[in-house]
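Chain residues, written in single-letter form:
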Amino acid sequence: MEKCFVACMKHDFEPHFKEASRLYAFPLKPSQPRNGEFIILDSGAFALSLKKKEIDLPYMKRLHGYYRKYGASNNFPVLCIAPDKFLDPEKTMQNYRTWMHFFKLPVVPVIQFTKMKHLDIFHARKQAMYYREFGNNIIAVSNPGLKGSAALPLKILTEELRKIGYEWIHNLGAGWNYNDCRDWRKLGFDSIDSISYYTDAEHNVGWRPFSYETGIMNAEKMEIVKHNYKLANDGFRNN
């Protein structure tokens, strides 16, 4: 698979991202990969956290049906993200155990940190070792609100993850401008995603090439969305 910035999708984006690797948050209906790209189906845990809610067993049952319907697993071309809890590694691991006990569908595990803008690499490695025992070779890391330039310890983590057998490392919630996407690639990630490319476009904010800067663009919203996505992908790939 080609390393990339994964496009987080909305209902009306589909026609514009047919050949891009894409992320769909439950319960958004995905289209299947067709041209060598991959897709990620996400549990929706972050959106729940914003509502002060978390994944429970009935939610897992619905999520399991969604993942099975679209052929997702812990391997390409359709990845499904484990039912995690943002900023709660222990609950995330408990959810993983519950999922594997009741549903037995392989999912991509998620490394979580305990606080915003705080990285505990030792604890992250312990989580990775635990998930490796289940045979996972793809893993996701949840970004606790950091820009790439402030997340340098993650380079140590990605190097450790390679040593213990992870072949693909995705960062959930990373990449806020061209240069930030470049910085995340330098930390050793194979792919990243964030909604920033389209949330900026919703405010007429366009990204600038080879820069941390953004600015107002006089264009249609979807044109700005596509412009920002292209720069996100270019920034990540051209590190």
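Here, the structure is the one placed above.
All values reported here derive from a predicted model rather than from experimental measurement. (Residues numbered from 1 in each chain as written. Predicted model: local features only at pLDDT ≥ 70, side-chain atom pairs only at ≥ 80, totals over all residues. Heavy atoms only, no water.)

Engineer: Honestly, the packing of aromatic side chains in this entry has me stumped. Any pointers?
Structural biologist: Between two aromatic rings, the relevant description is the distance of the centres plus the angle of the planes. Across all of its chains, the model carries 26 aromatic pairs by this definition. Judged by centre distance (5.1 Å) and plane angle (85 degrees), the ring pair of Phe76 and Trp168 falls under edge-to-face. Taken together, the residues span a long stretch of sequence, with Phe76 in the loop between strand E4 (74–75) and strand E5 (78–80) and Trp168 in strand E8 (residues 168–172) at a distance of 92 residues. Taking the relative accessible area as the measure of exposure, Phe76 reaches 24% and is therefore partly exposed. Taking relative accessible area as the criterion, Trp168 reaches 7% and is therefore assigned buried. By the ring-pair criterion, three or more aromatic residues cluster together here, those being Phe26, Tyr59, Tyr66, Tyr67, Tyr70, Trp99, Phe102 and Phe103. Sitting over the face of the ring of Tyr166, Arg132 holds its NZ or CZ atom 5.8 Å from the ring centroid. The side chain of Arg185 reaches across the aromatic face of Phe236, ending 5.5 Å from its centre. (Phe/Tyr/Trp six-rings, centres within 6.5 Å; stacked < 30°, edge-to-face > 60°. Helix = DSSP H or I, 4+ residues; strand = E, 2+ residues; numbered from the N terminus. Buried < 20%, exposed > 50% of the residue type's maximum accessible area, 1.4 Å probe, protein only. Lys NZ or Arg CZ within 6 Å of the ring centre and 35° of its normal.)

Engineer: Looking at this structure, I do not really get helix H6 (residues 178–186). What am I missing?
Structural biologist: Because each turn of an α-helix spans 3.6 residues, side chains separated by three or four positions end up pointing in the same direction. In terms of burial, H6 is a largely internal element, seven of the nine residues being buried. Those residues of H6 not exposed but buried are Tyr178, Asn179, Asp180, Cys181, Asp183, Trp184 and Arg185. Next to the buried residues of H6 lie strand E1 (4–8), helix H5 (153–163), E8, strand E9 (191–194), strand E10 (205–207) and helix H8 (221–237). One side-chain oxygen at the N-terminal end of H6 lies 3.3 Å from the backbone nitrogen of Asn179; it belongs to Asn177. Of the residues one or two after H6, Gly188 is the one with positive phi, at around 105 degrees. (Contact = heavy atoms within 4.5 Å. Polar contact = N/O pair within 3.5 Å; in protein donor to acceptor, adjacent residues only side chain to side chain.)

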